[in-house]
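Each chain, written out:
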Amino acid sequence: MTDHVHDLNAVREATDRLLTAAGTLDNAAAAQASRLPGWTRGHVLTHLARNADALVNVLEGRPMYTSAEARDADIESGAPRPLATQLDDLRTAGARFLDTATTPADWNRTVTLRNGVTDTAANVPFRRLIEVELHHVDLGIGYDLEDLPAGFTAREIDFLAKRFTGHPDVPALRLVSTDGGTWTSGRAEGEPLTVTGTAPALLGWLAGRRDGAELQTGGAPLPVLPPL
């Protein structure tokens, strides 16, 4: 069973870690390219703030975003702001999410996310944790996949493996971490391709952050995963 209280504490710690790291930047560094194609660090920081607001909407029963166009426009308009404004916005939005998520509620209820995706409310804190941790890596400021907490990495591999399970464009896969852990994913039919590597390397490939060059497949081609 998901422990949303544990996950909320992890979100608080991860947010503090990100804000401390980003606080060492200046306006010029915030305007530089992040590791995400087409996005500056300002885009990443703005997205994180607006995602916190969007998850408040989810928990309070409103649409996550008014529209995909509005979501994209908010990120574009917020990206060039001074770093201090960015950090204040993210700090305030993150605190608002934590305040909302600590209000007594039915954590077994079903909530609706983007594109009609549904989940239980108890899983929303972990979804926020994913955003904070992976986008901290995306900032490209010295925090990498190998720096992620091991427990988070294993849970995120499991989350992504399940997300690709049954996907028609993903062959049957057996994911083996040299750090411990095995997962299945992809189509149900066919002999599974065993993909082996460290947990950070597996996560990087599944999350679209690395090309999988560090992974072993016994000589078979590594599949190209569809975008998340």
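Look above for the structure.
Bear in mind the structure is a predicted one, so any value in this text is a computation, not a measurement. (Residues numbered from 1 in each chain as written. Predicted model: local features only at pLDDT ≥ 70, side-chain atom pairs only at ≥ 80, totals over all residues. Heavy atoms only, no water.)

Enquirer: Explain helix α5 (residues 83-101) to me, please; I cannot follow it from the model alone.
Expert: Each α-helix winds once per 3.6 residues, and so residues spaced three or four apart point in a common direction. Between its terminal C-alpha atoms α5 stretches 27 Å, which fits the 27 Å expected from 19 residues at 1.5 Å a residue. Taken as a whole, α5 has its buried residues at Leu-83, Gln-86, Leu-87, Asp-89, Leu-90, Ala-93, Gly-94, Phe-97, Leu-98, Thr-100 and Ala-101. Seen from one end, α5 has its buried residues packed into an arc of 160 degrees, which puts them on one side. Exposed residues lying more than 90 degrees from the buried face of α5 are Ala-84 and Asp-99. Buried residues belonging to α5 abut α1 (4-22), α2 (27-30), α3 (41-59), α4 (68-78) and α6 (124-138). (Helix = DSSP H or I, 4+ residues; strand = E, 2+ residues; numbered from the N terminus. Expected span 1.5 Å × (residues − 1). Buried < 20%, exposed > 50% of the residue type's maximum accessible area, 1.4 Å probe, protein only. Arc of directions from axis to C-beta. Contact = heavy atoms within 4.5 Å.)

Enquirer: What is the right way to read the environment of Leu-203 from this model?
Expert: By the element assignment, Leu-203 lies in helix α8 (residues 199-206). Of the residues examined, Leu-203 reaches a relative accessible area of 0% and is grouped as buried. For the pair Leu-203 and Ser-177, spaced 26 residues apart in the sequence, the C-alpha separation amounts to 9.8 Å. If we skip the residues at most four places from it in the chain, Leu-203 touches Leu-134, Leu-145, Leu-148, Thr-153, Glu-156, Ile-157 and Leu-160.

Enquirer: When you look at the packing of aromatic side chains in this model, what are you seeing that I'm missing?
Expert: Ring pairs (aromatic) are described by centroid distance and by the angle formed between their planes. In total, this model carries two aromatic pairs according to the counting rule given. Taking the centre distance of 5.9 Å and the plane angle of 50 degrees together, the rings of Phe-126 and Phe-152 count as tilted. Pair noted here: Phe-126 is in helix α6 and Phe-152 is in helix α7 (residues 150-164), with a separation of 26 residues, a long-range link. On the basis of relative accessibility, which here comes to 5%, the residue Phe-152 falls in the buried class. Look at Phe-126 and Phe-159: their rings are 6.3 Å apart centre to centre, the planes differ by 70 degrees, and that puts the pair in the edge-to-face class. With a gap of 33 residues between them, Phe-126 in helix α6 and Phe-159 in helix α7 connect regions that are remote in the sequence. (Phe/Tyr/Trp six-rings, centres within 6.5 Å; stacked < 30°, edge-to-face > 60°.)

Enquirer: Would you mind going over the sheet that holds strand β5 (residues 193-197) with me for this structure?
Expert: The pairing of strands in a sheet comes from backbone hydrogen bonds and takes either a parallel or an antiparallel form. With mixed pairing, the three strands of this open sheet are ordered in space as β4-β3-β5. In this open sheet, the two strands that pair with only one neighbour each are β4 (182-185) and β5. Averaged over all neighbouring strand pairs, the angle between strand axes comes to 20 degrees, with direction disregarded. Here strand β3 (residues 173-177) runs beside β4; their pairing, made up of four bridges, is antiparallel. Residue Leu-173 lies in a different strand from β4, and its bridge partner there is Ser-185. Sheet contacts for α7: β3 and β4; angle to β4, the most-contacted strand, approximately 20 degrees. Sheet contacts for α8: β3, β4 and β5; angle to β3, the most-contacted strand, approximately 145 degrees. (Pairing = 2+ DSSP bridges. Axes fitted to C-alpha atoms, helices over the stretch in contact; angles between N-to-C directions.)

Enquirer: Teacher, can you tell me more about the pairing of β4 here?
Expert: For a regular strand, the rule is simple: side chains alternate between the two faces of the sheet. The alternating pattern of β4 places Trp-183 and Ser-185 on a buried face and Thr-182 and Thr-184 on a face that is not buried. The antiparallel hairpin formed by β3 and β4 contains four residues in its connecting segment, where Gly-180 sits at a positive phi of about 110 degrees.

Enquirer: Explain the nonpolar core to me, please; I cannot follow it from the model alone.
Expert: Generally speaking, a soluble globular protein has its nonpolar side chains buried in company with each other. Judged by nonpolar contacts, the single largest core of 68 residues is most densely connected at Phe-97 and Leu-175. In terms of residues, this core owes the most to one element, α3, which gives ten residues. Among all residues touching Phe-97, those that are not within four sequence positions of it are Leu-8, Val-11, Ala-52, Leu-55, Val-56, Leu-59, Val-124, Pro-125 and Arg-128. (Core = buried A, V, L, I, M, F, W, Y, C linked by side-chain atoms within 4.5 Å.)

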